[in-house]
Amino acid sequence: QFQLTVPITVAFAPGSVPGDLPRPLPFRDVQEMEISVNPRTSITSRYEMLYRSTTAQEELALDAATAREADAALRPLQDASLGSLTVYVVPETSSLLPQGISVYVGKHRSALVRAGGGLAAFHTRLRQLTQVMSFTASSIAAALSDRVPDGQLGPDARRHLKSSLGYEITFSLLNPDPKSHAVDWDIEDAVNRYVQPVLDKLSLVANFSVDSQILYYAVLGVTPRFDKESSSFLLSAHSLPHVINPVEARLGSSAASLYPVLNFLLYVPERSHSPLYIQDKDGAPVSTNAFHSPRWGGIMVYNVEAPASPQASLPLHVDVDMVRVMEVFLAQLRLLFGLSREELPPEFLVESPGNEGLADWELDRLLWAHTVENIATVSTTLTSLAQLLGKIGNIVIKDDVASEVYRAVASAQNTMAELATGHLHSAFQASKEAVTSSERAFFDPSLLHLLYFPDDQKFAIYIPLFLPMAVPILLSLAKIVRETRQHKKEPTKMD
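Here the structure is a predicted model, which is why all the values come from computation and not from measurement.

The rules behind each value
- Residues numbered from 1 in each chain as written.
- Predicted model: local features only at pLDDT ≥ 70, side-chain atom pairs only at ≥ 80, totals over all residues.
- Heavy atoms only, no water.
- Helix = DSSP H or I, 4+ residues; strand = E, 2+ residues; numbered from the N terminus.
- Rg over C-alpha atoms; globule rule 2.2 N^0.38 Å.
- Buried < 20%, exposed > 50% of the residue type's maximum accessible area, 1.4 Å probe, protein only.
- Domains from an automatic or database assignment.
- Contact = heavy atoms within 4.5 Å.
- Buried area = accessible area lost by both parts, 1.4 Å probe.
- Salt bridge = Lys/Arg side-chain N within 4 Å of Asp/Glu carboxyl O.
- Polar contact = N/O pair within 3.5 Å; in protein donor to acceptor, adjacent residues only side chain to side chain.
- Arc of directions from axis to C-beta.

## Describing the overall build of the protein
Right, so step 1: On a plain count of helices and strands, the protein comes out with 12 helices and 17 strands.
Right, so step 2: For the protein, the C-alpha radius of gyration of 33 Å lies well beyond 23 Å, the compact-globule estimate for 495 residues.
Right, so step 3: Its C-alpha atoms give the protein principal-axis dimensions of about 135 × 80 × 35 Å.
Right, so step 4: Classification of the 495 residues of the protein by burial places 46% in the buried group.

Next up, the structure:
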């Protein structure tokens, strides 16, 4: 039974304190909400709120011209611990928030809320805000998707990558027609400029490795349909799943990988199938000319402009616009990690994370989900190990395997305790240790050779050894029994 505690500080600027506030500032309040996952698992969301007035430094920061400037100025003044939130309430007449906007969500772990409408309206906005910046019932259900009945899951619940200690990202350029196109892409510079800042932010979640490759004569495996009206080739939505398997056989990246592999493919169509466009389910062209596959990666089709004169020499030199490509791949990366923005009320304004790729509160949102998922993984692994030990009575458990099991249980219990006290960072680290220990125990080599040594194999091994010795012994015993019986039947001679 999980209890997820979110520490929230609510700071009221002068002129923003609601008149129907129950107590004078400062004071503390606790709100709890229960999320039911299945009949055996429930999660209690506990919001521990501290209501206070703003300090002089915070008031100075709130005098900034725009909400973005105020958010940057407030960052050094707030609690920077993972999982915590700080909400600044500004007067209803404040010009800090644009017209029609009542809630501004910044890049860090704070938000600005416009006062007005009394305490009930403020609590409604606060509840919506915590759902956006921490976790929701749907995000927790997605993390525990293996334990949630199918009917209760949303359509995107199994789109996200499973929690792992590491991920491998592979960027592949597919050039099926090198005779016509000499394609050049500066992938190293693009990764350093656009992908690395995101991975630096995500380094707390897992370890990442990035590599790239160019594959020649690699075709999609699906013949596109020619459209006479637009003089172009089209890939319909129902044919997209058939594109991945033929291409994946050429990638070769997941064969020797310990961790999940994310594949991002840039496909330059061959000259005979150019230009190539992807259609959605309604038959409309996809604006990005790309699609993604849940828990696998994404593919983008990059069309090359036809040469101005038909006598142009081949192959044509193509310089890939990496800005356009990386915009698509980063959006797909966010989708795979479950960082897509949910539908927000119209009065909400969310600041773009900029070059970092994701905001601090989005990182927290990811950590909440991964911590819960890690504990569920540990529970499943240790339960499977216990069932295995129950079935195989003669299995030998070495001391190091036992210590890993004890360490996994202790780390899992530590995670639950840290979650209940609102320490997200230490809870996530403990959950990673619990996963590592439980996996080591389950996959220990000393257990594996006993898995394939059941009783019927013992008979198959030992009978050929003991049968040659047993036959004469059994025959001798039978002879002795026979002679004893005959001796009893013979009449006893009487003198």
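There's plenty left to go through after this.
## A few points about the domain arrangement of the protein
Right, so step 1: Looking at the assigned domains, one finds that the protein contains domain 1 (2–143 + 344–350), domain 2 (166–337), domain 3 (360–447) and domain 4 (453–490).
Right, so step 2: Centre-to-centre separation of domain 1 and domain 3, based on C-alpha positions: 33 Å.
Right, so step 3: Residue-level contacts link 26 residues of domain 1 with 18 residues of domain 3.
Right, so step 4: For the pairing of domain 1 and domain 3, the buried interface totals around 1,900 Å² over both sides, and the portion due to carbon and sulfur atoms is 61%.
Right, so step 5: When residues of domain 1 are sorted by the area they lose upon contact with domain 3, Phe2, Leu82 and Ala143 head the list and together hold 31% of the total.
Right, so step 6: One can count three salt bridges joining domain 1 with domain 3.
Right, so step 7: For aspartate 364, the salt bridge identified is with arginine 109, shortest N-O distance 2.6 Å.
Right, so step 8: Between the two partners, domain 1 and domain 3, sit 10 residue pairs in polar contact (both at pLDDT 80 or more).
Right, so step 9: Elements that contribute at least two residues to the side of domain 1 that touches domain 3 include exactly β1 (2–12), α3 (118–133) and α4 (137–143).
Right, so step 10: The greatest single-element share of the side of domain 1 that touches domain 3, amounting to six residues, is contributed by β1.

## Details of helix α2 (residues 67–74)
Think of an α-helix as 3.6 residues a turn; residues three or four steps apart then line up on the same face.
Right, so step 1: Burial in α2 covers these residues: Ala67, Ala70, Asp71 and Leu74. Along the axis of α2, the buried positions cluster into a sector of 100 degrees, meaning they face one direction only.
Right, so step 2: Summarising the contacts, the buried residues of α2 are in contact with α1 (56–61), β4 (85–90), β5 (103–105) and β6 (110–114).

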